[in-house]
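Report on the structure
The chain contents come next:
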Amino acid sequence: MSLEVLATGPLSTIQDLGRPGLAGIGVGSSGAADGGAFRLANRLVGNDEGAAAVEVTFGGLVVRATRDLTAAVTGAPCPITVDGRAAAVNCVLRIPAGAVVRLGVPDRGLRSYLAVRGGIAVEPVLGSRATDVLAGLGPDPLAPGAVLPVGPPPARFPQVDLAPVPACAADEITLRVVFGPRHDWFTDDALTALVSSSYEVTADSNRIGMRLSGPALERCRTEELPSEGMVAGALQVPPSARPTLFLADHPVTGGYPVIAVVVAADLDKAAQARPGQRVRFRC
């Protein structure tokens, strides 16, 4: 069983739950940017939550099934067709052999997930099938002509046909933060501005992180900072004084001060923020 890739949109990659625990040797976790949507897609088709699936950025993926498959699409709600017939997100899809599946551009959110029963069975690298676009680990980003093997179906069967989940935010997104570890490098006005103003997601954003446009976050200390460990959700402030929010493929170290960190429970929301959308931080 396999999926033939006919088109990929702006970026489509294979993802799973990543490579945790390897930062000490310079390898980031990577994995699905919106972990909740990714897990839901796998649960809908009866897979283990960590089975590899396709992360689709801003739609455009087109694939053909070589045999009958069971699939699900979650995350950013996008138009779906199976051989030209409309299908829905967050539900179990039956894909007959030879059928072409198309994912359109979502009207809100940024990243959608296509899971197939059995998972995408590409070769793992360092224990994971995730594509890390910063480190270049894992399978290459998908390209037309690629053939994705599908693993054997799991013993259990899908338990539900539809999962009612809240839609991605279409307007401002609120993300909770904890100040530190280097908030003492910033003025009191900068700390106030971070949690009282809104920031716009710029087009200079990807799986590594999102650059934000908004009030400057001025420093009260000007010396150089030795490189320190970084985590997903870190709000690092480079010399531009505008924050960068690190996402799934963030570097494992960085030399600019981190003013605050987005709590882990809100990272899925951050992963769905699209260029032009506004983000507000709450302490």
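Anyway, here's the lowdown on the structure attached to this text. (Residues numbered from 1 in each chain as written. Predicted model: local features only at pLDDT ≥ 70, side-chain atom pairs only at ≥ 80, totals over all residues. Heavy atoms only, no water.)

**Points about the overall build of the protein chain**
Where we set the bar: The helix count covers DSSP runs of H or I at least four residues long, the strand count covers runs of E at least two residues long, and both are numbered beginning at the N terminus. To get the radius of gyration, use the C-alpha atoms; to get the globule rule, take the number of residues to the power 0.38 and multiply by 2.2 Å. Residue exposure (1.4 Å probe, protein chains only): buried if accessible area is under 20% of the type maximum, exposed if over 50%, otherwise partly exposed. Every residue pair with non-hydrogen atoms within 4.5 Å of one another is taken to be in contact. Counted charges follow a simple rule, with Lys and Arg positive, Asp and Glu negative, and His plus the chain ends left uncounted. Every charge is mapped to an atom, namely NZ of Lys, CZ of Arg, CG of Asp or CD of Glu.
When helices and strands are counted, the protein chain shows three helices and 20 strands. Computed over C-alpha atoms, the radius of gyration of the protein chain comes to 20 Å, within 12% of the 19 Å expected from 2.2 N^0.38 for 283 residues, which places it in the range of a compact globule. Reported as C-alpha extents along the three principal axes, the dimensions of the protein chain are approximately 60 × 40 × 30 Å. Looking at the protein chain as a whole, 49% of its 283 residues qualify as buried. Relative to all contacts within the protein chain whose residues are 6 or more apart in sequence, the contacts with residues 24 or more apart total 77%. When the 25 positive and 27 negative side-chain charges of the protein chain are each reduced to one mean point, those points stand 5 Å apart.

**Here we look at the sheet that holds strand β20 (residues 278-282)**
The pairing of strands in a sheet comes from backbone hydrogen bonds and takes either a parallel or an antiparallel form. Basically, it comes down to this: Only strands that DSSP links by at least two bridges are regarded as paired with each other. Fitted lines through C-alpha atoms give the axes, limited to the stretch in contact for helices. The angle between two N-to-C directions lies from 0 to 180 degrees.
The mixed closed barrel is built from seven strands, whose spatial order is β12-β19-β16-β17-β14-β13-β20. Across the sheet, the axes of successive neighbouring strands diverge by a mean angle of 40°, strand direction being ignored. Of the strand pairs in this sheet, strand β12 (residues 173-179) and strand β19 (residues 258-262) are connected by three bridges, and their pairing is antiparallel. Looking across to β19, one finds that Val178 is bridged to Val261.

**Quick word on helix α2 (residues 188-196)**
Using the following cut-off: Summarising the geometry, the arc corresponds to the directions from the helix axis toward the C-beta atoms.
Every buried residue of α2 is accounted for by Ala190, Leu191, Ala193 and Leu194. One side of α2 carries all its buried residues, which in axial view fall inside an arc of 160°. Away from the buried face of α2 by more than 90 degrees, exposed residues Asp188 and Asp189 are located. Residues of α2 that are buried in the fold lie against β12, β13 (198-205), β16 (234-236), β19 and β20.

**Re the nonpolar core**
We count it as follows: Think of a nonpolar core as a cluster: buried Ala, Val, Leu, Ile, Met, Phe, Trp, Tyr and Cys residues, connected wherever their side-chain atoms sit within 4.5 Å.
Leu3, Val54, Ile95 and Ile120 are the most contacted members of the largest nonpolar core, which has 29 residues in total. For this core, the elements supplying multiple residues, two or more each, are β1 (2-8), β3 (53-57), β4 (61-65), β5 (69-75), β6 (80-82), β8 (93-95), β9 (100-103) and β10 (111-116). Residues Leu175, Leu235, Ala273 and Val279 belong to the second largest nonpolar core, which totals 27 residues.

**Quick notes on the side chain of Gln236**
Note on placement: Gln236 falls in strand β16. For Gln236, a relative accessible area of 8% gives the class buried. Those residues within four positions of Gln236 in sequence are excluded, and the remaining contacts are Met230, Arg242, Pro243, Thr244, Phe246, Gly254, Gly255, Tyr256, Pro257 and Val258.

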